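# Structural characterization, general
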Number of protein chains: 2
Amino acid sequence: MGESLLNKIQITPLRRISTQGGDVLKVLMKEEDSFKNFGEAYFSEVYAKAVKAWKLHRRMTLNLVVPVGMVRFVFCEERNGVMEFRTIEIGSENYARITVSPGIWFGFKGIAKGVSLVLNIADIMHDPDEVERRTVETITYNW
Amino acid sequence: MGESLLNKIQITPLRRISTQGGDVLKVLMKEEDSFKNFGEAYFSEVYAKAVKAWKLHRRMTLNLVVPVGMVRFVFCEERNGVMEFRTIEIGSENYARITVSPGIWFGFKGIAKGVSLVLNIADIMHDPDEVERRTVETITYNW
């Protein structure tokens, strides 16, 4: 059967260092296991209660952090004809990094009151040809 | 005399792409001139009216973006015994990237109402031995 891709998703707690004038939040260092390569970094804003789903990257490894707000990420994989889900919530109440290998369907929802902010440090540059998309209704999930 | 380091600071306007559920904000791609190497990424929060100054990196090249709030960056260099300054404000009202070579004293101030957020994508990992610090009073500037 092979191992579930969902089990390979890495969650790394990150340090928030208290400094005068505002905290410093660690994100990613080149010597960490989560780091493969630098291709591109970009932010995705997500409004309160808004859902952005579904997307699958064929080649990109994602490193996701949420420095502002809270975001629910939902990852899914079809195994033996059954859709399996894994839900991970990160942000100000749980400051951590999620590392996602290629080949996993995912979506996310803003679960803070205001706008939440997602940073992705990807190992390749944006390439529309390596992204698959499905509408939110295509995969049934109780957001 | 050599060229002023302040003149070499690069400002690159960045795209904010309107998407349902929240915008996508470009940060940095490996093929851009501003990118030298990936060493580490980290956030610095800066409270409204707070000043974080002064710091000089001996080896680090910084790539700075402000996805939330507005931040005034002040860069300075002593030339012919005179302190020269360059002030650049980036953030939600001017979404752009600042690329800073090593050897420049700088500080920054939160000039939005709430907390502002700075992302630095640095070409080397954090190393306390390559950072010089001076207290805010050491270099006279009208913040």
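Definitions and limits used
Residues numbered from 1 in each chain as written. Chains lettered and ligands numbered in written order. Predicted model: local features only at pLDDT ≥ 70, side-chain atom pairs only at ≥ 80, totals over all residues. Contact = placed C-beta atoms within 7 Å. Helix = DSSP H or I, 4+ residues; strand = E, 2+ residues; numbered from the N terminus. Pairing = 2+ DSSP bridges. Axes fitted to C-alpha atoms, helices over the stretch in contact; angles between N-to-C directions. Least-squares fit on C-alpha atoms with pLDDT ≥ 70 in both. Core = buried A, V, L, I, M, F, W, Y, C linked by C-beta atoms within 7 Å. Buried ≥ 20, exposed ≤ 12 C-beta atoms within 10 Å, placed from the backbone.

### So, the interface of chain A and chain B
On the chain B side, the residues contacting the 31 residues of chain A number 31 residues. Those elements that place two or more of their residues in the side of chain A that touches chain B are strand S3 (24-29), strand S4 (40-46), strand S5 (51-57), strand S6 (62-68) and strand S11 (116-122) of chain A. Here S4 of chain A pairs with strand S3 (residues 24-29) of chain B via five bridges, running antiparallel. Bridged to Glu40 of chain A within S3 of chain B is Met29 of chain B.

### A short note on the sheet that holds strand S10 (residues 105-110) of chain A
Residues and elements named next belong to chain A. Across the sheet, five strands lie side by side as S8-S7-S10-S5-S12; this open sheet has antiparallel pairing. The outermost strands of the open sheet, each flanked by one partner alone, are strand S8 (82-91) and strand S12 (131-133). The sheet shows a mean angle of 25° between the axes of neighbouring strands, taken without regard to direction. For strand S7 (residues 70-79) and S10, the ladder comprises six bridges, and the chain directions are antiparallel. In the sheet register, Phe75 faces S10, and the bridge partner there is Phe106.

### Describing the relation of the copies chain A and chain B
Two copies of one chain are present, and they are related through a rotation about an axis combined with an axial shift. Least-squares fitting of chain A to chain B yields an RMSD of 0.0 Å, with the transformation described by 0.0 Å of translation along the axis and a rotation of 180°. The relationship between the two copies is best expressed as a two-fold rotation axis. Residues of chain A ranked by C-alpha distance from the rotation axis are headed by Phe38 of chain A, positioned 3.2 Å from it. When the interface residues of chain A are mapped onto chain B, 100% of them are again interface residues, pointing to one common binding face.

### So, the nonpolar core
Residues Val118 and Leu119 of chain A together with Val118 and Leu119 of chain B are the most contacted members of the largest nonpolar core, which totals 62 residues. Leave out the neighbours within four places in its chain, and Val118 of chain A touches Phe43, Ser44, Val46, Leu64, Val66, Val71 and Phe108 of chain A.

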